[in-house]
Amino acid sequence: MTTSAARTRVGRWRPGMIRPMCPTPGAEVVRTRFAPSPSGHLHVGGARTALFNWAFAKHHGGVFMLRIEDTDQRRSSEAAGLAFLADLAWLGIDWDEGPEFEGRGGGSAGPYFQSQRLDLYAREIERLIAGGHAYRAFETPDELEAKRQAARTANVPYRYDRAALAVSDRDAATWLSEGRPHVVRLRVPDDREIVVQDQVLGEVRIPPGELDDFVIRKADGFPTYHFAVVVDDEAMGVTHVLRAQEHLYNTPRHVLLQDALGYRRPVYGHLPLIFNADGSKMSKRDRDRALRAAVRDRGVTGARSIPAELFRTWLSENERQLDLDSAVALAEELGVELPEINVDDFRRAGYLPGVLVNYLSLLGWSPGGDIEKFSMSFLVERFSLDRIGRSNARFDREKLKAFNLDAIQGMGSGSFEAALRGHAAAFHPAFLARLDDAGFRLFATANHERCRTLEEPFRLCQFLVIADDAIVYGADRAVRKALGADPETLVRAAHDALASAASWDAESIAAALALCAAQHAEGKLGKVAQPIRVAVTGTTVSPPIDVTLVMLGRASTLARLRRFLEHLPAITQQATA
RNA sequence: GGCCCCAUCGUCUAGUCAGGUCCAGGACACCAGGUUUUCAUCCUGGGAACAGGGGUUCGAAUCCCCUUGGGGUCACCA
């Protein structure tokens, strides 16, 4: 494969030019698709691919489809499920055709599961065989592996040797009638250069002889990915294929197949890949890797949230993955932030769907100029293939977080509260049980200006859902500093002042504490607030002290202050140790 | 290793296709001050890049070539 010397982007269109696929307006409706294999939750990389296909279709008033590529019987039997449908819906990426899900999907080009389209593939394969474009091959996987091995040893590139073509018709017929397992291979012309016009990368040329006769039907009768994709894209009228660059080398195969089958050729665009901040591949194993590192780093030997047996095997077997709930629990226990890789992880971590979409669209696309914060409708309005970048991008969680903060700060108090309530219902029901409506509203206001994610308020305010007699006091330097020289006097004074406060609201509490500060701390509120904060939360961080106490309620506050005083000798000893 | 793709601050990028307005703009991160009862915010300022080498041109981040570096792919996975 070589790139043309002048990287002419033939077919790339610019404003004012006529689009190659739309010679006259309305002549052809743009149809794009996202075609994942059923593998549980949606990966951010997949989300970006889906987003671009969606945005492109919407920009042209076209149709965005979803198709499930479940032609791997082995993998599909693992019942990974279709959780990614909910992930797409959460992001606001709605599909016009595809599997039905909460009002989305349906359509006349279905079924949208490849495992239900086997008849079509069988018909098309027979057509290829009859036309001499494809042939049966009876080698076993072991035989092929031996040939590959031999090629490796000889240090030559492996290509299928077409041994099946040397088999006599009589033998082949006999084997076929015996029911001998076989695959079907495409007969790849080896005298033809293949040229692909990629809308992102430009012209890509593949010299003759680079591709071998690849398998299009497996021994189990299922089509391979290459075959199913090509047949379905034609049958479903797909006009544009946007997919990750890892598929670039598949495109010549698909072009060959289209030619052999007499199909039209969709427009292709290959998107740059997304990597972790450290340049490693984003993988679902990242989560377990981070947890193992933390466990080893701290010399932890067990976990409350995981059975000992499981913990041991998980720790020693690097391939082993914890289920999501266990991983989250362990992370909480260790105080580790889990690396997010699936869309669902980001939701759990408290990111707004619009922010994720915004950030994701910037990975490989740009509206140009200095614009980088925008809505989905802006994306639809401005999206175009000629603004897609060609080099791989790294996922920067800090920038995402900064965007999320900005979006949260920009929300009205009502919608922020609603969003926080939704997050609580999904992930922190204990807070809804603990706080009444007014309490939750206060919780929302107290956290609105200080949180970067919807998750942070719940972490910051753990003290709300811990029993009064279960507060654990920290023993670090921050706690020591917060307690100051004489916490006993201050906390005792605060207790008495708060006990006799006229009412339990922020104003009265602030007034009572200001008085304490005036009497015992030279008027410095911080000197009073910090010991109290430690006393009622166990930590040095919480919303402003008056709000913290209002949320907690008078009874809990006083009980915690008393308990703190009882435990004070042990606490100070521990903190100075 | 073969084949292919890519290359602007630490990161995402604008600028590249139509060479001059770019001693390169923005954002995140970072550093230094400031505001703040903790934390997070917030405000002000700062450092920070055209991978290297050859060409073409009056002129190159922009066009060409080479080198280097990064990535993808080489399955009866998708």
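Enquirer: Explanation requested: the overall build of chain A in the structure shown.
Expert: Scanning chain A for helices and strands turns up 25 helices and 14 strands. For 577 residues, the compact-globule formula gives about 25 Å, and the C-alpha radius of gyration of chain A, at 31 Å, lies well above that figure. Seen along its three principal axes, the alpha-carbon backbone of chain A occupies a region of about 100 × 60 × 45 Å. Pairs at least 24 residues apart make up 74% of the contacts formed inside chain A by residues separated by at least 6 positions. Summed over all atoms, the accessible surface of chain A reaches about 26,900 Å², with 52% contributed by carbon and sulfur. For chain A, the centre of its 72 positive side-chain charges and the centre of its 75 negative side-chain charges are spaced 3 Å apart.

Enquirer: What am I meant to see in the pairing of strand β8 (residues 194-198) here?
Expert: Every second residue of β8 is oriented toward a common face, the buried set being I194, V196 and D198 and the non-buried set V195 and Q197. Across 5 bridges, the pairing between β8 and strand β9 (residues 202-206) is antiparallel. Across the sheet, the residue bridging to I194 is I206, located in β9. Counted along the chain from β8 to the antiparallel partner β9, the turn is 3 residues long.

Enquirer: What exactly am I supposed to notice about the pairing of strand β12 (residues 267-271) here?
Expert: The side chains of a regular strand alternate, residue by residue, between the two faces of the sheet. The buried count for β12 comes to 5 of 5 residues, which makes it a mostly enclosed element. The two faces of β12 match: V267, G269 and L271 on one face and Y268 and H270 on the other face are all buried. With 5 bridges joining them, strand β11 (residues 240-244) and β12 adopt parallel strand pairing. Opposite H240, over in β12, you have V267 as the bridge partner. Between the parallel pair β11 and β12, the chain is carried across by helix α8 (residues 251-261), and the sense of this crossover is right-handed.

Enquirer: Whenever I open this one, the packing of helix α22 (residues 506-520) against helix α24 (residues 545-552) confuses me. Can you help?
Expert: Between two packed helices, the angle of one axis relative to the other and the distance separating the axes together describe the packing. Contact geometry for α22 and α24: axes closest at 9 Å, N-to-C directions at 125 degrees. Taken together, α22 and α24 sit at an angle that is classed as oblique. In this structure, the crossing between α22 and α24 has a hand that is right-handed. Residues A506, I509, A510 and L513 of α22 form the contact with α24, whose participating residues are I545, D546, L549 and V550. Within the contact of α22 with α24, the residues separate by chemical class into 7 nonpolar, no polar and 1 charged.

Enquirer: Is there a simple way to think about helix α9 (residues 286-298) in this case?
Expert: Every α-helical turn comprises 3.6 residues, leaving residues that sit three or four positions apart pointing alike. The end-to-end C-alpha separation of α9 is 18 Å, in line with the 18 Å expected for 13 residues at 1.5 Å each. All of the buried residues in α9 are D286, R287, D288, L291, R292, A294 and V295. On its buried side, α9 packs onto α10 (308-316), α11 (324-334) and α12 (343-348). Backbone geometry just downstream of α9 places G299 in the positive-phi region, at approximately 65 degrees.

Enquirer: Help me out: how do you make sense of the pattern of salt bridges in this one?
Expert: Side-chain pairs of opposite charge can arise whenever the charged atoms involved come near each other. In the structure shown here, the tally under the stated rule is 41 salt bridges. Between R104 and E102 there is a salt bridge, and its shortest N-O distance comes to 3.9 Å. Owing to a relative accessible area of 19%, R104 belongs among the buried residues under this scheme. Taken together, the shared-partner salt bridges connect R33, R67, E69, R117, D232 and D233 into one network.

Enquirer: Hey, could you run me through the packing of α9 against α10 in this one?
Expert: Running from N to C, α9 and α10 point in directions that differ by 105 degrees, and their axes come no closer than 10 Å. Relative to α10, the element α9 is oriented roughly perpendicular. Touching D288, L291, R292, V295 and R296 of α9 are F311, W314 and L315, all from α10. In terms of residue class, the contact of α9 with α10 is built from 5 nonpolar, no polar and 3 charged.

Enquirer: Got a minute to help me understand empty space enclosed by the protein in this structure?
Expert: Applying the stated criterion across every chain, the model contains 2 cavities of 30 Å³ or more. Around the second largest cavity sit V188, P189, D190, R192, I194, I206, P207, P208, G209, E210 and L211, which together line it. Partitioned by chemical class, the residues of the lining of the second largest cavity number 7 nonpolar, 1 polar and 3 charged.

Enquirer: I would appreciate a short explanation of the sheet that holds strand β7 (residues 183-186) in the present structure.
Expert: Consider a sheet: its strands pair through backbone hydrogen bonds, and that pairing is either parallel or antiparallel. Ordered by their spatial adjacency, 3 strands build an open sheet running β6-β7-β10, and the pairing between neighbours is antiparallel. The open sheet has two edge strands, β6 (134-137) and β10 (215-217), and neither has a second partner. Sheet twist, expressed as the average angle between the axes of neighbouring strands with direction ignored, equals 45 degrees.

Enquirer: Help me out: how do you make sense of unusual backbone geometry in this one?
Expert: Of all residues except glycine, most have a negative phi; of all peptide bonds, most are trans. In this structure, P111 follows G110 across a cis peptide bond, with omega equal to 0 degrees. Structurally, P111 can be placed in the loop between β5 (104-106) and α4 (118-130).

Enquirer: In this structure, what is going on with the side chain of H448? I would like to understand it.
Expert: Locating H448 in the fold gives a position in helix α18 (residues 437-448). Only 2.8 Å separates the side chain of H448 from the backbone oxygen of I408, close enough to count as a polar contact. The contacts of H448, once residues within four sequence positions are left out, are I408, Q409, M411, G412, S413 and F416.

Enquirer: Can you walk me through the packing of aromatic side chains in this structure?
Expert: Two aromatic rings, taken as a pair, are described by how far apart their centres are and by the angle between their planes. By the definition in use, this model includes 16 aromatic pairs. An aromatic cluster is defined as three or more aromatic residues linked by ring pairs; in this entry it consists of F52, W365, F374, F378 and F383. Of note, R148 hangs over the ring of Y158, and the distance from its end group to the ring centre comes to 5.4 Å. Between R253 and the ring centre of F214, over which it is positioned, the NZ or CZ distance is 5.7 Å.

Enquirer: Honestly, the side chain of E203 in this entry has me stumped. Any pointers?
Expert: Looking at where E203 falls in the secondary structure, it is placed in strand β9. For E203, a relative accessible area of 8% corresponds to the buried category. A polar side-chain atom of E203 sits 3.1 Å from a polar atom in the side chain of Q197. Polar contacts involving the side chain of E203 include one to the side chain of R205, which spans 3.0 Å.

What counts, and at which threshold
Residues numbered from 1 in each chain as written. Chains lettered and ligands numbered in written order. Predicted model: local features only at pLDDT ≥ 70, side-chain atom pairs only at ≥ 80, totals over all residues. Heavy atoms only, no water. Helix = DSSP H or I, 4+ residues; strand = E, 2+ residues; numbered from the N terminus. Rg over C-alpha atoms; globule rule 2.2 N^0.38 Å. Contact = heavy atoms within 4.5 Å. Areas by Shrake-Rupley, 256 points an atom, 1.4 Å probe, with all protein chains shown as cover. Lys, Arg positive; Asp, Glu negative; His and termini not counted. Charge placed at Lys NZ, Arg CZ, Asp CG, Glu CD. Buried < 20%, exposed > 50% of the residue type's maximum accessible area, 1.4 Å probe, protein only. Pairing = 2+ DSSP bridges. Right-handed = clockwise from strand over helix to strand, strands pointing away. Axes fitted to C-alpha atoms, helices over the stretch in contact; angles between N-to-C directions. Parallel < 35°, antiparallel > 145°, perpendicular 65-115°, else oblique. Left-handed = near helix turned anticlockwise from the far one by under 90°. Nonpolar A, V, L, I, M, F, W, Y, C, P; charged D, E, K, R; others polar. Expected span 1.5 Å × (residues − 1). Salt bridge = Lys/Arg side-chain N within 4 Å of Asp/Glu carboxyl O. 1 Å grid on protein atoms, 1.4 Å probe; cavity = no way out; pocket = protein on both sides within 12 Å on 5 of 7 lines; lining within 4 Å. Points joined across faces, edges and corners; volume = space filled by probe spheres on them. Polar contact = N/O pair within 3.5 Å; in protein donor to acceptor, adjacent residues only side chain to side chain. Phe/Tyr/Trp six-rings, centres within 6.5 Å; stacked < 30°, edge-to-face > 60°. Lys NZ or Arg CZ within 6 Å of the ring centre and 35° of its normal.

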